[in-house]
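Chains, contacts and geometry: an overview
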Amino acid sequence: VSAYDTCDIYSPATISVDGGMPTFGCAHVGTPQTVTMIATDASGNTASCTLTVTVSDDTYSCSPTVASCVSAKTIETSQGSCYGSLTEDELNDGSTGLHLSFMQANTAPYLGTQTITTEVYGSAGSDHCETSLTVIDVEPPTITCHDYNYDVGGTAYFGAYTSFASTLASAYDNCWLYGPPADAVDFQGGEPTFGCADVGTVQPVTMTVTDDSGNTATCDSQITVSDDMYSCKPTVASCVSSLTYDADPGSCSKDLTNFVNDFDNGSTGESISKMLTNSWPYVGTESLTLEVTGYGSPYMDQCTTEVTIVDTEAPYISCVSDITYYVGMSAPLEYWDIISSWGDNCCGDVTTTLQANDVSFGCSDIDTTHTVTGVVTDGSGNTATCDVPVTVLDTTGCCAVIGTVPSPPPGPSPTRDEVNPPGPSPTGPSPTGSTQSNGDPHFTTWTNEHFEFHGQCDLVMMSDPSFADDIGLDVHLRTKLVRFWSYIKTAAIRIGNDILEIEGWSDANPARYWINYEYQGELNEIGGFPVTTTPRGGKERKYTIDLGSKYPGQFILVKVFKEFVSVKVMNGSEEAFGKTVGIVGDFKTGKTLARDGVTVIDHFAELGNEWQVLPSDNKLFH
């Protein structure tokens, strides 16, 4: 505004605003304002004019940038993703300023609740605000079911990180970065169970999957129930309670290899096979085990049957073709006289006997033939027999002297000189303390006189009931006749209550002896006197009875050489043997006395007949 006054050349007029200097603010921006200007000269004269003031905000002081956001918001994840999606200004809630623009710090927020910062830019500068943003997942997972063959007997193994449910269905979810959790897939209504009743059926099963946000999906799986492991067909063995078989011919056992089915009493299972754990049982009764195997579970089972194997086979027997019995010289026949060999399919005890208990013949049987039957009985009671003709003869004339001893029989008879060369009288020499009977029966008296007696019988060598403080002593000899001569086959010695019987054999091993009628029983002593046995090669054996505890230095010695047996008293004293009687004569005089202790018998055949074992004598032989 300018002013001019003609009267005041040197003093310009004063200019003022009517009503005072106006002020303008943001409210006047853009609105024209009329202002009256007044000029006053020195004389007080005034003049006025008006002008229009345009108010502007070129520095935007009236338009600051102010950010304003929603405090909280919920959005859903994008399809197929676990992230949400934001536009730049989606969280703006009335931000002010000129020429505004927005920028999000995170336009793809992940599932869950988080704070999102929005930057607001305007002409007057920038500002920011925050929003609590929740991203939710409402997208259901996807599930795909698989059909499955379920074996009721199999032990399902799906790996360390899988389960039966995850085997039946596979699942995917937009928020599973590493696949479904182990428990995400499950059975709707719980895991089903299947048993043998379901085998062969198809069972529908609904599978469900739930993601971490609780969204679910379902599908159906078809389960075929099978029994591939045959657990519904377990192997069960069933046996009959008992069976009986005859032993195989020539054997003491039975081969049951081909009789397995006899044991089966309805064993069950899949494709079963059967076998016996012992298919060769011996005669007798034992429990046999049938083992049944199959494809089922369990695959094997056992049961037992009481099996009896019976021996019905007769033993083998062979007898001599014939035999001659000499009256007066032959002892009663024993089984070994008749039976030459025997055997049995079973190696147990075999009893050999004669059909008659006491087979002997007398004078009335001379010149006749009799049949004697040998019998072999095995341990099962089976028997076999054979018959042997026995011809009875009398070559010694004994039938003429029976009942007349000690008188000799009528007619000529052999004398001692006819049997042995002449020698000293048995009444002459003093006792030697030794006597013996050996082999081809040579007898030596206490005074060392020698003589022979041939016949088949049992003889009393010596006897003394008062021996060793009355415990008693008996020595009996059994001779065996071979054609025209005989030998001592067996000797039996009794001292006290013990009896030792020793038999000769073709081979001295093993030893053939009986102690108190027990074959090869424990032999340590007899009547309290020690006994030692000494093998002397394959065909000879020696038995020594040591009498030293009662009679120092005195022995009874029995030797066996092949079939021959000898008995000898060593260093005998009158104290020990002074009262003995028998075929070897009187200890003090050496006389061969009869049983009456008075009559001297010089005829050796008569002496042998006199001292045959009588029923009144002690029984020693088994």
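Residues numbered from 1 in each chain as written. Predicted model: local features only at pLDDT ≥ 70, side-chain atom pairs only at ≥ 80, totals over all residues. Heavy atoms only, no water.

Observations regarding the overall build of the chain
Just so we agree on the cut-off: Numbered from the N terminus, helices here are DSSP runs of H or I no shorter than four residues, and strands are runs of E no shorter than two. Working rule for contacts: check all heavy atoms of both residues, and any pair within 4.5 Å makes them a contact. Areas reported here follow the Shrake-Rupley algorithm with a probe of radius 1.4 Å; residue values treat only the protein chains shown as occluding.
Looking only at helices and strands, the chain has 8 helices and 37 strands in total. Restricting the contact set of the chain to residue pairs at least 6 apart, pairs at least 24 apart contribute 55%. In the structure as shown, the chain presents an accessible area of about 31900 Å², 50% of it carried by carbon and sulfur atoms.

Topic: the sheet that holds strand β7 (residues 125-136)
Counted only if it meets this: Should DSSP find at least two bridges between two strands, the strands are regarded as paired. Interaxial angles span 0 to 180 degrees and are taken between N-to-C directions of axes, which are lines fitted to C-alpha atoms, for helices over the stretch in contact.
Taken together, 4 strands build an open sheet; the order of strands is β4-β7-β6-β5 and the sheet is mixed. Each edge of the sheet is formed by a strand with only one pairing partner; in this case those strands are β4 (72-76) and β5 (101-104). The sheet shows a mean angle of 35° between the axes of neighbouring strands, taken without regard to direction.

Points about the pairing of strand β18 (residues 316-319)
Note the cut-off: Using a 1.4 Å probe on the protein chains alone, a residue whose accessible area is under 20% of its type maximum counts as buried, one over 50% counts as exposed, and one in between counts as partly exposed.
Side chains Ile317 and Cys319 of β18 all project onto a buried face; the interleaved residues Tyr316 and Ser318 project onto a face where none is buried. In the sheet, β18 pairs with strand β20 (residues 339-343) via 4 bridges, with the strands oriented antiparallel. The residue bridging Tyr316 from the neighbouring strand is Gly343, located in β20.

A short note on the state of the cysteines
Put plainly, a disulfide is one covalent bond tying together the sulfur atoms of two cysteines. Defined as follows: Disulfides are defined as pairs of cysteine sulfur atoms found within 2.5 Å of each other.
Counted by the stated rule, this structure contains 8 disulfides. Shown here is the disulfide that connects Cys82 with Cys175, its sulfur atoms set 2.0 Å apart. Around the S-S axis, the bridge from Cys82 to Cys175 shows a dihedral of about 100° and counts as right-handed. In this pair, Cys82 is assigned in the loop between β4 and β5 and Cys175 in the loop between β10 (169-172) and β11 (185-187), connecting sequence segments 93 residues apart. Cys145 shares a disulfide with Cys219; S-S distance 1.8 Å. Of note, the bridge from Cys145 to Cys219 carries an S-S torsion of about 80° and is right-handed in sense. In this pair, Cys145 is assigned in strand β8 (residues 142-145) and Cys219 in strand β13 (residues 216-226), connecting sequence segments 74 residues apart. Comparing Cys145 with Cys219, the two get one shared label, buried.

So, the environment of Asp58
Note on placement: Asp58 falls in the loop between β3 (46-54) and β4. Expressed as a C-alpha distance, the spacing of Asp58 and Val29, which sit 29 residues apart in the sequence, is 9.7 Å.

Some words on the nonpolar core
Soluble globular proteins tend to bury their nonpolar side chains together. The test is simple: What is meant by a nonpolar core is a set of buried Ala, Val, Leu, Ile, Met, Phe, Trp, Tyr and Cys residues, joined one to another through side-chain atoms within 4.5 Å.
The biggest cluster of nonpolar side chains holds 47 residues, and the ones touching the most others in it are Phe467 and Phe577. Excluding anything up to four places from it in sequence, Phe467 contacts Gly472, Leu473, Ile495, Phe529, Leu547, Tyr551, Ala576 and Phe577. Of all hydrophobic cores here, the second largest spans 20 residues; its members include Leu168, Ala169, Trp176 and Val209.

Some words on the confidence of the model for the chain
Keep this limit in mind: The predictor attaches a confidence to each residue, called pLDDT, with possible values from 0 through 100.
Of all residues in the chain, 87% have pLDDT values of 70 or greater, and the mean over the chain is 84. Across residues 157-161, confidence stays below pLDDT 50; counting only partners more than four residues off in sequence or on other chains, it has 4 contacts. The model gives residues 397-428 a pLDDT under 50, and that stretch makes 47 contacts with residues more than four places away or in other chains.

Examining the sheet that holds strand β14 (residues 242-246)
Strands belonging to one sheet form pairs held by backbone hydrogen bonds; the direction of such a pair is parallel or antiparallel. If you walk across this open sheet you meet the 4 strands as β14-β17-β16-β15, and the pairing is mixed. At either margin of the open sheet sits one strand with a lone partner, and together these are β14 and β15 (273-276). Averaged over all adjacent pairs, the angle separating strand axes in this sheet is 35°, with direction ignored. As defined by bridge partners, β15 adjoins strand β16 (residues 284-293) across 4 bridges and the pair is classed as antiparallel. When the bridges of β16 are listed, Ser273 appears paired with Thr293.

Regarding unusual backbone geometry
Ser297 connects to Pro298 through a cis peptide bond whose omega is 5°. Residue Asp469 is not a glycine yet carries a positive backbone phi of 60°. Tracing the chain through its elements places Asp469 in helix α6 (residues 467-470). The phi angle at Lys562 is positive, at roughly 55°, despite the residue not being glycine. Note on placement: Lys562 falls in the loop between β36 (555-561) and β37 (564-570).

Brief notes about the pattern of salt bridges
It is possible for side chains of opposite charge to pair when their charged atoms get near one another. What counts is decided by this rule: Only one rule defines a salt bridge in this text: a Lys or Arg side-chain nitrogen within 4 Å of an Asp or Glu carboxyl oxygen.
Summed over all chains, the structure comprises 12 salt bridges. Of the charged contacts in the structure, one is a salt bridge between Glu270 and Lys233, with a shortest N-O distance of 3.2 Å. Taken together, the residues Glu270 in the loop between α2 (260-263) and β15 and Lys233 in the loop between β13 and β14 connect sequence positions 37 residues apart. For Glu270, a relative accessible area of 19% gives the class buried. Residue class for Lys233 comes out partly exposed when judged on its relative accessible area of 43%. Overlapping salt bridges, with partners in common, bring together Glu334, Asp458 and Arg478 in one network.

As for the environment of Val567
Along the polypeptide, Val567 turns up in strand β37. With relative accessibility at 1%, the residue Val567 sits in the buried group. In the structure, Val567 is positioned 124 residues away from Phe443 in sequence and 9.7 Å away in space, judged by C-alpha atoms.

Points about the packing of aromatic side chains
Here is the rule: Centres within 6.5 Å make a pair out of two Phe, Tyr or Trp rings, where for Trp the six-membered ring is used; the pair is then stacked when the planes are under 30 degrees apart, edge-to-face when over 60, and tilted otherwise. Only lysine NZ and arginine CZ atoms are considered, and such an atom sits over a ring when it is within 6 Å of the ring centre and within 35 degrees of the ring normal.
Taken as a whole and assessed by the stated rule, the structure comprises 17 aromatic pairs. On the numbers, 5.6 Å between centres and 35° between planes, the contact of Tyr150 with Phe164 is tilted. With a gap of 14 residues between them, Tyr150 in strand β9 (residues 148-151) and Phe164 in helix α1 (residues 164-168) connect regions that are remote in the sequence. Since its relative accessible area comes to 9%, Phe164 is described here as buried. Between Tyr513 and Tyr543 the ring centres are 6.3 Å apart and the planes differ by 65°, which places this aromatic pair in the edge-to-face class. Separated by 30 residues along the polypeptide, Tyr513 in strand β31 (residues 513-515) and Tyr543 in strand β35 (residues 540-546) bring together distant segments of the chain. Here Tyr513 matches Tyr543 in class, with each residue buried. Here the aromatic residues Tyr148, Tyr150, Phe164, Phe187 and Phe194 are joined through ring pairs into a cluster of three or more. The ring of Phe621 is capped by Arg478, whose NZ or CZ atom sits 4.2 Å from the centre of that ring.

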